Amino acid sequence: MIQTNFLIIGSGVAGLTFAVKIAEQFPNKKVTIVTKANENESNTKYAQGGIAIVTDKLEDSYQKHIEDTIICGDGLCDEAVVEMVITEGPKRLKELIEWGAKFDKNNQGTLDLGKEGGHSENRVVHHKDQTGQEIQRAILTQVHRKENISVLDYHLALDLITENNRCLGAYVLDQKTNEVLTFQSDFTLLATGGIGHIYGHTTNPVIATGDGIAMAHRANASIKEMEFIQFHPTALYDSRTGTSFLISEAVRGFGAHLRTKNGHQFMLDYDPRGDLASRDIVSQCIDLELKKSGEECVYLDCTHLDLEPFVKHFPMIYNHCKNLGIDIAKDWIPVVPAQHYLCGGIEVDKTGRTSVENLFACGECSRTGLHGANRLASNSLLEALVYSDKIYHFLAENPFENKPLESKVTDWKISQKPKINPDYVSNRKAELQLLMRQNAGIVRNDIDLLKAKETLVDWQKEIKNTIENHQVNAELYELHNMITIGLLIVQMSIDRNFNRGGFVKLRIEN
Ligand code: FAD
Ligand code: SIN
């Protein structure tokens, strides 16, 4: 049994930011971060475009950013949350800069502001096309400086420990020793990120298996709006790989055009904003074009852009394409939509509290009300920064009683069981990804959703049984979580009766 005051599950922008703040506020309390891969592996690390923040008050305003967010969320945003998050942006940016994060400047020495789909102004603060990596580097440096923070990498949280709707900690698998550790904590934060690998074709790294949401669901926390899956319109088309390299929307903000194979700039047929319509609309239009033409991808044309500033702004994208033999000065980049982000998740209030006492959620695994039916580009890092600060303030302003932790928690039961056959896990995972792509993709219908539900319910029963009868295993637990997430997406898609933002369901007569 390991006792800690704050147990943080996940080491992306949400978990790390909260850790630094709470450790500074309570230097005598223990802060423990468990993370299932290397400490810097996360969706955060791959963020390209940047953070949407109003910094230029001459051209831009909070009101414009608020309106863009609400239009993009297609009427389902919580407007009080939108206002709270957007007006706090500059303070959170100042803090990141004080922690050492570097953002690109223009020739006048002020922040260079990029533009992305759905934004009426240039307001995306960035570090080349590697903003997430820079933010993660800066916050991790702060984490390492705090003596009361321990970071346990390759530690996978298996399940929350709850009693009477109160979270007491979590069971965590040490993947190096294969031992299950029991953590007892005063407060637990889920900061486990996204779900991309449920779909296989995704911009997310392999850690994105929805673990935190599945654990919260098993602990009876309220989960909302899982049907709002965001597909990014421009993942590099590569038929060989599952994980899809992102071509940032900021490339279209820089002037690139989407074209069909024949060169037609099709976005102008659908939306007056053309290539810079919000990404739900652009993804749906690409899907339509591909269904019409039977082609595998559309193209992003950068050939008319000035190469030097392009390479300066997007060095990673330029080099990635070059290594694949795509010379962006001459060749169009083949692109397709791929799963990118989950707008729903664990329901939290304005202080990050879930419906389970002492359990908080932050970042992509949470559902705050900011995004509604579709997230505005570059609002995700902002949301994680603002909510980690809100949770920290809530705990700092409501200090907990200084009494020893009650010992109500029982250790994980160890018993001798056979090892799982890894082929079972990899085969079922591939089947799940195919099922989700085919039956719960960009455009859905109730017939396919109901078929998917039937299959997922069977797999859910099967995997519970398999888990009970085999040695604890990280991949098996992830698969269990992925099936749970699949079911939540499918059920909430069946339940939703009107199309909004990133959710499109066609009516098909039997
Ligand atoms: P993550 O950064 O994903 O961190 C989750 C952490 O939880 C990881 O450390 C993971 O290992 C750990 N974890 C998961 N399950 C467990 C478990 N069971 N036990 C222990 N640890 C666990 N957003 C923007 O605002 N701007 C952008 O420009 C942008 N670009 C993006 C580009 C790409 C390619 C991708 C994939 C996303 C992008 N996003 C962007 C979205 C944004 O990066 C993420 O939504 C955000 O970083 C999520 O942060 P997080 O801390 O919630 O989760
Ligand atoms: C991108 O750079 O296109 C991703 C931005 C985001 O997901 O907010």
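Here, residues in each chain are numbered from 1, in the same order as that chain's written sequence. Throughout, the order in which chains and ligands are written sets their labels, letters from A for the former and numbers from 1 for the latter. For this predicted model, a pLDDT threshold of at least 70 governs which residues receive local features, and a threshold of 80 or more governs which side-chain atom pairs are given and counted, while totals over whole chains, interfaces and linings are taken from all residues. The side-chain figures draw on all heavy atoms in the structure; neither hydrogens nor water molecules are used.

Caption draft 1: Representation of the site of ligand 2 in the model. If even one non-hydrogen atom of a residue comes within 4 Å of a molecule or strand, that residue is called near it. In the vicinity of ligand 2, the residues found are Gln 48, Gly 49, Glu 116, His 232, Leu 246, Ser 248, Glu 249, Arg 279, His 340, Arg 375, Ala 377 and Ser 378. Contacts to ligand 2 include His 232, whose side-chain N or O atom sits 2.8 Å from an oxygen atom. Here a polar contact means two N or O atoms within 3.5 Å. Within protein one must be a hydrogen donor candidate and the other an acceptor candidate, and residues neighboring in sequence count only if both atoms are side-chain atoms. Between ligand 2 and Ser 378, the relevant distance is 2.6 Å, taken from an oxygen atom to a main-chain nitrogen or oxygen of the residue. Method for areas: the Shrake-Rupley scheme with a 1.4 Å probe, in which residue coverage is limited to the protein chains shown. When ligand 2 is considered free in solution it has 260 Å² of accessible area, and contact with the protein chains removes 93% of it. Residues are grouped as follows: nonpolar covers Ala, Val, Leu, Ile, Met, Phe, Trp, Tyr, Cys and Pro; charged covers Asp, Glu, Lys and Arg; every other residue, Gly included, is treated as polar. When its residues are assigned to classes, the shell around ligand 2 shows two nonpolar, six polar and four charged.

Caption draft 2: Layout of unusual backbone geometry. In this structure, Glu 225 is a non-glycine residue whose phi angle is positive, near 55°. Going along the chain from the N terminus, every DSSP run of H or I of four or more residues is numbered as a helix, and every run of E of two or more is numbered as a strand. Its place among the elements puts Glu 225 in the loop between strand E10 (223-224) and strand E11 (229-236). Of note, Ser 378 is a non-glycine position whose phi angle comes to about 65°, a positive value. Its location among the elements puts Ser 378 in the loop between strand E17 (366-367) and helix H11 (380-397).

Caption draft 3: A look at the pairing of strand E7 (residues 155-163). Buried means the residue's accessible area, taken with a 1.4 Å probe over protein chains only, is under 20% of the maximum for its type, while exposed means over 50%, and partly exposed covers the values in between. Of all the nine residues making up E7, seven are buried; the element is thus mostly covered by neighbouring parts of the structure. When DSSP finds at least two bridges between two strands, those strands are taken to pair. For E7 and strand E8 (residues 166-174), the ladder comprises eight bridges, and the chain directions are antiparallel. Within E8, the residue paired with Asp 159 across the bridge is Tyr 171. Turn length for the E7-E8 hairpin, with the two strands adjacent in sequence and antiparallel, is two residues, and the turn residue Asn 164 shows positive phi of about 45°.

Caption draft 4: Fine view of the pattern of salt bridges. In the sections that follow, a salt bridge refers to a side-chain nitrogen of Lys or Arg positioned within 4 Å of a carboxyl oxygen of Asp or Glu. Using the criterion set out here, one finds 33 salt bridges in the structure. Between Lys 146 and Glu 24 there is a salt bridge, with its nearest N and O atoms 3.0 Å apart. Here Lys 146, found in the loop between helix H4 (131-145) and strand E6 (149-152), pairs with Glu 24, found in helix H1 (residues 13-25); they are 122 residues apart in sequence, far enough to count as distant. Between Arg 279 and Glu 116 there is a salt bridge, and its shortest N-O distance comes to 3.8 Å. In this pair, Arg 279 sits in helix H8 (residues 279-293) while Glu 116 sits in the loop between strand E4 (113-114) and strand E5 (124-125), placing the two residues 163 residues apart along the sequence. Exposure remark for Arg 279: the relative accessible area of 4% places this residue in the buried category. Judged by its relative accessible area of 3%, Glu 116 falls in the buried class.

Caption draft 5: Molecular detail of the site of ligand 1. Surrounding ligand 1, one finds 38 residues, the nearest of these being Thr 44, Gly 50, Asp 211, Glu 364 and Ser 380. Backbone polar atom of Lys 36 to a nitrogen atom of ligand 1: 3.1 Å apart, as the coordinates give it. Between ligand 1 and Ser 378 there is a distance of 3.5 Å, counted from a nitrogen atom to a side-chain nitrogen or oxygen. Protein chains bury 98% of the 1000 Å² of accessible surface belonging to ligand 1 in isolation. Listing elements by their share of the shell around ligand 1, those giving two or more residues are H1, E7, strand E14 (333-342) and H11. Ranked by residues supplied to the shell around ligand 1, first place goes to E7 with three residues. A class-by-class count of the residues in the shell around ligand 1 yields 13 nonpolar, 20 polar and five charged.

Caption draft 6: Representation of the state of the cysteines within the structure. When two cysteine sulfur atoms are found within 2.5 Å, that pair is recorded as a disulfide. For the structure shown, the criterion picks out zero disulfides. There is no disulfide at Cys 343, and the cysteine sulfur nearest it, in Cys 72, is 8.5 Å away. Cysteine Cys 362 shares no disulfide, and the gap to the nearest cysteine sulfur, in Cys 365, comes to 7.5 Å. Residue classification places Cys 362 among the buried positions, given a relative accessible area of 1%.

Read these as geometric descriptors, not functional statements.
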